[in-house]
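# Fold and geometry: a report
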Amino acid sequence: MRPRMPFAFRFPVLFLPVTGLLFCGCSTVIDSHAQKAPAVAAWQAGNYPRTAELLESKVNSTRGSGDELMWQLENGLFQFSRGKFDDALRCFNAADRLMRDYDERAVVSVRDAGAETGSALLNPNVLPYKGYTRDRILVPFYRALAYLGKRNEQGFHVELQRMREAQKNAASRHAKNIEEERRKLAAEQEKGRTGIAESRIAADPNYRAATKELYESARRAYGNYLNPVAVFLSAIGYLRRGDLENACVDFRRLYEALPSEPFIQQCYATLLRRTGRAVPEQLKNVVPLSADMGRGMVYVIFANGRGAAFRQIKINLLVTGFAFPVCEYYPAPFSGLRISGGGRETVTFRLADMDAILSQEHAELLPIRITRIVVSYAVKEAATAAAVALAWNADPLAGALTLAGTSLYKQVFNTADTRNWEFLPKEFQFAGIPMPEDRMVRIVPFLPAGALGTGFRVAFSPGCTAALLYIQAQSGNAIQYQIFEFQP
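Below is a summary of the structure that appears in this document. (Residues numbered from 1 in each chain as written. Predicted model: local features only at pLDDT ≥ 70, side-chain atom pairs only at ≥ 80, totals over all residues. Heavy atoms only, no water.)

### Examining helix α12 (residues 205–218)
Given 3.6 residues to a turn, an α-helix orients residues that are three or four positions apart in the same direction. A rise of 1.5 Å per residue sets the reference length of α12, with its 14 residues, at 20 Å; its end C-alpha atoms lie 20 Å apart and thus fit the reference within 8%. Those residues of α12 that fall on the buried side of the exposure criterion are Y207, A210, T211, L214, S217 and A218. Looking down the long axis of α12, one finds its buried residues gathered within 120° of arc, a one-sided arrangement. For α12, exposure combined with an orientation more than 90 degrees from the buried face picks out P205, R208 and K212. (Helix = DSSP H or I, 4+ residues; strand = E, 2+ residues; numbered from the N terminus. Expected span 1.5 Å × (residues − 1). Buried < 20%, exposed > 50% of the residue type's maximum accessible area, 1.4 Å probe, protein only. Arc of directions from axis to C-beta.)

### Things to note about helix α15 (residues 262–274)
Taking 1.5 Å of rise per residue, 13 residues should cover 18 Å, and α15 covers 18 Å from first to last C-alpha, within 8% of that figure. Among the residues of α15, those classed as buried are F263, I264, Q265, C267, Y268, A269, T270, L271 and L272. In the core, the buried residues of α15 are packed alongside α13 (228–240), α14 (244–257), β1 (297–304), β6 (349–353) and β7 (427–434). Just downstream of α15 lies G276, where phi reads positive at about 75°. (Contact = heavy atoms within 4.5 Å.)

### A few points about the pairing of β1
Of all 8 residues that make up β1, 8 are buried, and the element is covered over most of its length. Taking every second residue as pointing to the same face, both faces of β1 are buried, with M297, Y299, I301 and A303 on one and V298, V300, F302 and N304 on the other. Pairing between β1 and β7: 8 bridges, direction antiparallel. Pairing of N304 across the sheet is with E427, part of β7. Of the pairings in the sheet, the one linking β1 to strand β10 (residues 467–475) comprises 7 bridges and is parallel in character. Each bridged residue has a counterpart across the sheet, and for Y299 the counterpart in β10 is L468. (Pairing = 2+ DSSP bridges.)

### Considerations on the sheet that holds β10
Reading across from one edge, β6-β7-β1-β10-β11 is the order of the 5 strands in this open sheet, with mixed pairing throughout. Sheet topology places β6 and β11 (478–485) at the edges, where each strand pairs with a single neighbour. Strand after strand, the sheet turns through a mean of 20° between neighbouring axes, direction not considered. Across the face of the sheet, helix α5 (residues 68–81) comes into contact with β10 and β11 while running at roughly 75° to β11. (Axes fitted to C-alpha atoms, helices over the stretch in contact; angles between N-to-C directions.)

### A few points about the pattern of salt bridges
Enumeration according to the criterion identifies 26 salt bridges in this entry. Between R143 and E159 there is a salt bridge; the shortest N-O distance is 3.0 Å. Taken as a pair, R143 in helix α8 (residues 133–149) and E159 in helix α9 (residues 153–168) lie far apart in primary sequence, 16 residues in all. The pair formed by R143 and E159 is uniform in burial state, with each residue classed as buried. Its salt-bridge partner being E281, residue K284 comes within 3.3 Å of it at the nearest N-O pair. Of the residues examined, E281 reaches a relative accessible area of 60% and is grouped as exposed. Bridged by salt links that share partners, the residues D96, R100, R143, E159 and R162 form one connected network. (Salt bridge = Lys/Arg side-chain N within 4 Å of Asp/Glu carboxyl O.)

Next up, the structure:
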């Protein structure tokens, strides 16, 4: 009589996934994009109490997991948009500590090795979300504004310097990340675990349509992972300190990225003249600004729309298959803003295409991510085949149960890594106008079809000579703004 198989060997699938889930984030089973849907819906509808409740719950439940950074970023931006600057700083400080921890880890560690093994056995969500290059630039960007909201201009300048360093190192950091990912996957490739041809994924029509849109968006990005909104805020910081030389360098970079924007031309030409530098022939007819650019202007940053997210698509092969992330883009609720005051009027223009910035980074990481997905698929297939064979040889009933269990296991953990900072805007727009004598500006949004939306007035304090106005419209039904007044 054949000996009965021990319980643990009959049902190995019950132990491996549960053990893995103890050490990774919640997105291993339910992808991040799906998890965020309720919070995003509440946020876009302007239901801020519900948004706060959902985000706080997620931050608390993912603390210490690989998903914590992502939820701290979402909650930080939400708190910032509501003018709760202390809460925003707590979230962004926690996010910054996590990112620095990831960046400063040894190249090879027991923790990383365990995550790599878990990634192969489960899915890439086992690996911690370390943030995109974009995230490392925007955390100090928002912290700088939060300090400004607390009337701490010194803190504003400290964060600007951190933001400049992050922008300076963006390209080299991204190249290092790609090299590290390739190194980690090289061992698996040598073992033959990537034997399932990537061509199976590349031939899928859904994948081809998604990547076509991805590469089209990525082509609109800026060289060396430049984020123009960060460069713009850096320039304001220099202007506030009276450092026209460095402000001129920043506006030169903006002019090189956006050479056809009249206001960028005007700012750059003004600073060239004020620093005694030669004005290029194409800018000689540009009328310079008469106001003090650091102490006599109202600058407007318009965070327009909902930024790109990742959604998962699946390619099925027999029992399981591949699940991978593709970019999903959303229409902007407004085409721009009209700002008027003191007898002057201007309109915002797109300063930073955030969809393009994310698309550029994702497009360069995509081949590595596909390889990682194929590795995970091959490892799971090999592991489950071995488990079924072992069980079947010991007991046909155990073999049948193990086959059913491993099939369920492969389906449950066929989840794409869709983690991303989703509360960021689709684009940042920008404008500037001299501070009106009555300290009042009127804002009117333009709808995509060209019609005018409902306008509103913004009043600055008596005696205020310079200010930054941050306006966020995550949807056509939810517009909020923050006033940041500079000290005289």
